[in-house]
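Below, each chain spelled out in residue letters.
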Amino acid sequence: MSRIKIPRKSTAIDMTAMCDVAFLLLTFFILTAKLRQEDPLQVDTPAATTKVLFPDIDVATLTVGKGKIFFGVEGTDVRQELLDAMGKKYNQTFTPDEKKKFSTIPSFGVPMAQLKQFINLREEDRKKFTQPGIPVDTTNTSELFNWIHEARVADATLRNKSLRIAIKGDSKQEYPEVKKVIDILQKQAINKFSLITSLKDSK
Amino acid sequence: MAELDTSGGGKKGGKIRSKKASTRIDLTAMVDLAFLLITFFIMATTLAKPKAMDTFWPDKTKKDVQLPVPESRTMTVLLGSNSSIEWYIGAPGKSAPTIDNFGKNGIRKTFIEKNKEIEASHAGPDNFMIVLVKASDKSTYKDFVSILDEINIAGIKSYGVVDILPVEVSLLKKDGHY
């Protein structure tokens with residue numbers, strides 16, 4: 001009696017497709033991870049135990065560090081509307097191209113007088129540009145006051161939502177500078193805002 | 001490596017042929033590595049997401065919302081230079097401030113203990129402790145966030161951030177914390 005020989009199949013699986021997918025995902029994650037860190041003013045946020053996640057939409061961030069204040073708002077449409085409103089306020093006109101460029105800038109710290117020049121820089125040059133921070137004083141007409149106010153108006157008209165304000169301060173930043181920002185917010189009757197922190201375990 | 005030779009014995013005799021090397025490369029290790037890196041990047045990006053601490057501040061535009069608060073229920077915390085803390089209960093200058101520090105056995109313990117003491121010595125329903133945070137010009141933003149965090153951890157029901165008085169600055173100066 002001869003046994004029926006079952007042909008032995010190969011146990012090797014074709015890994016090519018899997019490898020393709022894996023590297024595609026890898027590339028995607030590396031790219032997104034890098035894009036998120038494009039902050040012109042590097043700050044080291046203090047640690048706290050709160051676990052509330054910071055939202056991604058309808059939020060304006062005030063970065064405070066090294067004695068400078070930077071401003072940024074989420075959403076490209078809000079940014080365009082904001083630039084338009086600020087241009088009207090300071091008698092400056094921006095071309096649609098400039099508005100488009102401005103809508104790609106996540107956070108900036110230049111006074112209105114330098115803004116046009118800053119927008120027209122190439123992206124690489126923009127990173128090298130030393131931004132002096134947004135001018136701020138205790139009056140109701142300072143540039144930072146207007147930026148925050150116009151951003152709230154722009155967000156309300158476009159999305160019909162109230163803009164959330166977040167302060168991202170550097171750990172080593174002295175308190176008076178932060179207090180200045182808080183005073184400006186309170187002048188606009190913003191009495192609820194977030195402080196951005198990094199996660200820490202409660203000891 | 002993982003591939004089994006299933007081609008069978010092969011003919012004996014015949015022409016001597018140079019063995020054709022397989023063009024297939026074993027990709028298992030490469031896939032392993034790729035997925036390891038993917039996992040790393042997923043973890044790293046989600047963990048780096050910032051957290052937000054919501055704060056509520058009194059409305060400065062309204063002047064008539066000030067409630068009278070007994071002195072004995074208020075604890076004032078002063079933030080000085082180099083992460084130093086001083087606190088006292090009651091009006092400034094009456095009792096010498098206690099020097100404290102951040103940490104589990106520092107200000108957090110003080111908050112919890114004093115809160116219990118005040119709740120026990122006052123009649124309800126409004127017998128909770130009120131904490132006033134006064135940050136001096138020499139304190140850092142980090143201390144400010146830390147003290148708010150400690151207040152949250154200790155479960156203080158009512159707190160406020162108030163401008164520091166010159167009397168309190170001199171208290172800090174006396175202890176070398178300004």
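Our structure is the block above this text.
Since this is a predicted model, take the numbers as computed values, not measurements.

Overview of the overall build of chain A
And step 1. When its secondary structure is counted, chain A shows seven helices and five strands.
And step 2. Listing the helices and strands of chain A from first to last along the sequence gives α-β-β-β-α-α-α-α-α-β-α-β.
And step 3. Here the C-alpha radius of gyration of chain A, 24 Å, is well above what a compact globule of 203 residues would show, namely 17 Å.
And step 4. Viewed in the frame of its principal axes, chain A has a C-alpha envelope of about 105 × 50 × 35 Å.
And step 5. In chain A, which comprises 203 residues, the share counted as buried stands at 30%.
And step 6. Counting contacts in chain A only where the partners sit at least 6 residues apart, residues at least 24 apart contribute 69% of the total.

Considering the interface of chain B and chain A
And step 1. Residue-level contacts link 41 residues of chain B with 48 residues of chain A.
And step 2. Elements that contribute at least two residues to the side of chain B that touches chain A include exactly helix H1 (28-47), strand E1 (51-56) and helix H3 (141-154) of chain B.
And step 3. Sort the elements by how many residues they give to the side of chain B that touches chain A and H1 of chain B lands first, with 11 residues.
And step 4. Taken together, the residues that form the side of chain B that touches chain A break down as 23 nonpolar, eight polar and 10 charged.
And step 5. Relative to E1 of chain B, strand E5 (residues 192-199) of chain A is paired through six bridges, and the arrangement is antiparallel. The partner of isoleucine 196 of chain A across the bridge, within E1 of chain B, is alanine 52 of chain B.

A word on the environment of glutamate 119 of chain B
All names here are of chain B.
And step 1. If you trace the backbone, glutamate 119 turns up in helix H2 (residues 107-121).
And step 2. Taking C-alpha positions, glutamate 119 is 59 Å from leucine 33, a pair spaced 86 residues apart along the chain.
And step 3. Ignoring sequence-local partners within four residues, the contact set of glutamate 119 consists of Asn127 and Phe128.

What about the sheet that holds strand E4 (residues 98-100) of chain B?
Residue and element names in this part refer to chain B.
And step 1. Taken in spatial order, the five strands of this open sheet run E4-E3-E2-E5-E6, and their pairing is mixed. A strand with exactly one partner marks an edge of an open sheet, and here the two such strands are E4 and strand E6 (158-161). Direction aside, neighbouring strands of the sheet carry axes that sit 25° apart on average.
And step 2. As defined by bridge partners, strand E2 (residues 74-79) adjoins strand E3 (residues 85-89) across five bridges and the pair is classed as antiparallel. Residue pairing for E3: leucine 78 is matched across the bridge by glutamate 86.
And step 3. Strand contacts of helix H4 (residues 166-174): E2, E3 and strand E5 (130-135), with the helix running at about 60° to E2, the strand carrying the most contacts.

So, unusual backbone geometry
All names here are of chain A.
And step 1. Backbone geometry places lysine 66, a non-glycine residue, at a positive phi of 55°.
And step 2. Along the chain, lysine 66 turns up in the loop between strand E2 (59-65) and strand E3 (68-73).
And step 3. Despite not being glycine, alanine 189 shows a phi value in the positive range, around 60°.
And step 4. By the element assignment, alanine 189 lies in the loop between helix H7 (175-187) and E5.
And step 5. Here alanine 189 falls in the exposed class, since 10 other C-beta atoms lie within 10 Å of it.

Calculation notes
Residues numbered from 1 in each chain as written. Chains lettered and ligands numbered in written order. Predicted model: local features only at pLDDT ≥ 70, side-chain atom pairs only at ≥ 80, totals over all residues. Helix = DSSP H or I, 4+ residues; strand = E, 2+ residues; numbered from the N terminus. Rg over C-alpha atoms; globule rule 2.2 N^0.38 Å. Buried ≥ 20, exposed ≤ 12 C-beta atoms within 10 Å, placed from the backbone. Contact = placed C-beta atoms within 7 Å. Nonpolar A, V, L, I, M, F, W, Y, C, P; charged D, E, K, R; others polar. Pairing = 2+ DSSP bridges. Axes fitted to C-alpha atoms, helices over the stretch in contact; angles between N-to-C directions.

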